[in-house]
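Below are the chains, spelled out letter by letter.
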Amino acid sequence: MARKPILDLLPRNLEFHNISHVTITPAQSRILGLGPKFRPTLRPPTARVFDNQIQDFCRSVRLHHKFADQPDDPDFNPKLYVKTGWNLPREDPDLEENLHKIRQELLENFNQNPPRWTNNLTFEEWRGLRELKENPTVRVLATDKNLGPALVSTEWVEQETLKHLNDTKSYEKVMKDDWTLRRQKVIETREKLVNSYSSFLPPNPLKFLHSLDDSPRSVDPAKFYIIPKIHKSPIAGRPIAASHSYITRPISIFVDELVKPTITMSTVLRDSGELIQCLEKLVLPTNCLLVTADVSSLYPNIDTKKAIIALDLLLREAKVAQTPLLVQLARLIFENNFLKSEFSSDIYHQTFGIAMGTPFAVTAANAFMYYHERDIIELYSRNLTLYKRFIDDIFVIWEGSRETLLEFLSAINTKDVRIKITYEISASKISFLDLLLFKDSAHSTLQYSTFQKPLNKYLYIPYESFHPASNKKAFIKGELMRYARNRSTFHSFQEMRLLFWRRLRLRGYPARFLLPVFREINYSNRKKWFSKPNRLSGQRRVVFKSTFNCSHVGIKKVILKHLPNLSSILSYKSTNTLAHLCK
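About the cut-offs
Residues numbered from 1 in each chain as written. Predicted model: local features only at pLDDT ≥ 70, side-chain atom pairs only at ≥ 80, totals over all residues. Heavy atoms only, no water. Helix = DSSP H or I, 4+ residues; strand = E, 2+ residues; numbered from the N terminus. Rg over C-alpha atoms; globule rule 2.2 N^0.38 Å. Buried < 20%, exposed > 50% of the residue type's maximum accessible area, 1.4 Å probe, protein only. 1 Å grid on protein atoms, 1.4 Å probe; cavity = no way out; pocket = protein on both sides within 12 Å on 5 of 7 lines; lining within 4 Å. Points joined across faces, edges and corners; volume = space filled by probe spheres on them. Salt bridge = Lys/Arg side-chain N within 4 Å of Asp/Glu carboxyl O. Nonpolar A, V, L, I, M, F, W, Y, C, P; charged D, E, K, R; others polar. Polar contact = N/O pair within 3.5 Å; in protein donor to acceptor, adjacent residues only side chain to side chain. Contact = heavy atoms within 4.5 Å. Pairing = 2+ DSSP bridges. Axes fitted to C-alpha atoms, helices over the stretch in contact; angles between N-to-C directions. Parallel < 35°, antiparallel > 145°, perpendicular 65-115°, else oblique. Left-handed = near helix turned anticlockwise from the far one by under 90°.

Asks: Help me understand the overall build of the protein in this model?
Replies: Looking only at helices and strands, one finds 18 helices and 17 strands in the protein. Taken against the 2.2 N^0.38 rule, which gives 25 Å for 583 residues, the C-alpha radius of gyration of the protein at 26 Å falls within 12% of a compact globule. In terms of its C-alpha atoms, the protein occupies a principal-axis envelope of roughly 75 × 65 × 50 Å. The buried share among the 583 residues of the protein stands at 49%.

Asks: Honestly, empty space enclosed by the protein in this entry has me stumped. Any pointers?
Replies: According to the stated counting rule, one finds 1 cavity of 30 Å³ or more in the structure shown. There is about 110 Å³ of room inside the largest cavity. Contributing to the lining of the largest cavity are 13 residues, with Ile333, Phe334, Asn337, Ala355 and Thr358 lying nearest its centre.

Asks: How should the pattern of salt bridges be read in this particular structure?
Replies: Two side chains of opposite charge can pair, provided their charged atoms sit close to one another. One pass over the structure, following the stated rule, counts 27 salt bridges. For Lys561, the salt bridge goes to Glu105, with nearest N and O atoms at 3.3 Å. You can see Lys561 sitting in helix H17 (residues 555-562) and its partner Glu105 sitting in helix H3 (residues 93-112), a full 456 residues away along the chain. Taking the shortest distance from any N to any O, the salt bridge between Arg389 and Glu373 comes out at 3.0 Å. Of this pair, Arg389 sits in strand E10 (residues 384-390) while Glu373 sits in helix H12 (residues 361-379), and the two are 16 residues apart along the sequence. Glu373 carries the same exposure label as Arg389, and that label is buried.

Asks: Explain the layout of surface pockets to me, please; I cannot follow it from the model alone.
Replies: Its boundaries defined by the atoms lining it, the second largest pocket holds a volume of some 900 Å³. As for the second largest pocket, its lining consists of 34 residues, of which Val140, Leu141, Ala142, Ala579 and Lys583 are closest to the centre. At the level of secondary structure, the elements contributing two or more residues to the lining of the second largest pocket comprise helix H4 (123-134), strand E2 (138-142), strand E3 (149-153), helix H5 (154-165), strand E5 (222-229) and helix H18 (578-581). Looking at the lining of the second largest pocket residue by residue, the classes come out as 19 nonpolar, 8 polar and 7 charged.

Asks: Any chance you could explain the side chain of Asn120 here in plain terms?
Replies: Examined against the element boundaries, Asn120 turns out to sit in the loop between H3 and H4. A distance of 3.0 Å separates a polar side-chain atom of Asn120 from the backbone nitrogen of Thr41. Apart from residues lying up to four places away in sequence, Asn120 is in contact with Phe38, Arg39, Pro40, Thr41, Glu125, Glu464, Ser465 and Phe466.

Asks: What should I look at first to understand the sheet that holds strand E14 (residues 435-440) in this one?
Replies: Two modes of strand pairing occur in sheets, parallel and antiparallel, and in both the strands are linked by backbone hydrogen bonds. Spatially, the 3 strands line up as an open sheet ordered E13-E14-E15, and their pairing is antiparallel. Both edges of this open sheet fall to strand E13 (429-432) and strand E15 (445-450), since each of them pairs with a single strand only. Direction aside, neighbouring strands of the sheet carry axes that sit 30° apart on average. Note: E13 against E14, 4 bridges, orientation antiparallel. Bridging from a neighbouring strand, Ser431 pairs with Leu436 of E14. Sheet strands in contact with helix H9 (residues 272-280) are E13, E14 and E15, and its direction is about 10° off that of E14.

Asks: Explain the packing of H3 against H17 to me, please; I cannot follow it from the model alone.
Replies: Two quantities define a packed helix pair, namely the angle between the helix axes and the distance between the axes. Axis separation between H3 and H17 bottoms out at 10 Å; the angle between their running directions is 150°. Here H3 is positioned roughly antiparallel relative to H17, judged by the angle of their axes. The chirality of how H3 crosses H17 is right-handed. For the pair H3 and H17, the contacting residues are Asn98, Lys101, Ile102, Glu105, Leu106 and Asn109 in the first and Ile555, Val558, Ile559, Lys561 and His562 in the second. A per-class count over the contact of H3 with H17 returns 5 nonpolar, 3 polar and 3 charged.

This is the structure in structure tokens:
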């Protein structure tokens, strides 16, 4: 039996959204309150599995040693890399001796040093989790906007799923043979395009584009599912097409990686930090109006023909040599989205809109909306002190009459029959993304603080979750940096910092763990957190990929002992979370 942590004697935040009519046990309630990212304690793997991890690391060290003196390839993109499986000859006796010692010592530590961690779920909680999973009338789902887990009825999930798929304006049923033929046609068309434009493509992306051709996982259509939008009234489902093994996924990643760095869209925001940088340079007009707007269900309502035209124009403006290839590949992605749901044996072909789940979706949606709004923005430019958009969320600072503003919003709302916006207008303050924006008339500026949705349960990773301490410290530091960035005054940051501290304490974090992390983040350093670091630059490192249930072995210590000059990093792969276990 697992011992209850002493932290459970303190008040705890173990809330969740129960939008079903099912009454659950206290043990089940506690499990759901742990949050979808909670990881149960794992037993160590078998010695054979751990040895495979060591062998993979040894191979990486040999590769690093062989190519250490070669310059970095400026065109290399890790997202388009496929492992070769090439086993290097063992050319350096000293290196091989050290690798042998590392392997022997790690395996010895693994076999002789049992882990000291205890189970973080009791027998009753495991039983409650199993009963929830086996209950056919309810589902545990993550919610839209990361508002915490929700317990929903299976009947509602089925109805909402089939409501989307049976929308004949966007989907049509097809036979299995039709899907099989179209899958093969995707491969054949891609090959023709790649052969025609081979001079534009380096060899590594070519291999990446073929990576799912022979995979049994890509034989099936994309899995269609929904996540509940509990912040809407009535509650609705956001449609998602899980395309991680879908046949067009490599094409979608390839197109996205080539398009994103090359096109420029002046109205598109990278994140709320970019908006803050714009606001800090802005002098606020007297009597201006603040406006936010949201495009209703953007992805399913995008006309893909218009999206392709927008993409083509943007690429030609940027004078991208691969424009014809990228446009044809984008068309191949959009026209071949086939879906299947657990609630139906039918296969559906999406005939309108873009699947939310394919990697190129965000870039394509931004391109479509950029051309949707561009001529309207030019027409009303004298009134637009600022116009910015983050995918389907729009922010405007308007200088002019309310009547003219309504004309502007109506123009956006009527240009395309399927693109509709809802909006809010304020003369003093308004929320946008994770910001609450409010006027400071005395200084003609727009001040800002962090906006947090009322429905958010703040189910941060619990302290007892089977995560490395480094993961927990990283997310805390990330949130503190975001709060510092998103607060225009030190006093406002201090208030948010205290509130965050209290919320973490309610998730079981002891003060001794939090204090050193909180002391690292100073408001005076906020300016440097607006730019994203270049993760591809810097010193080459060899990664030892393991799982946290091997952390008792002392991996990093053994590597440093035998290869002290090697720049290495220990990376723990993700293990099952509560979200996975409830499926």
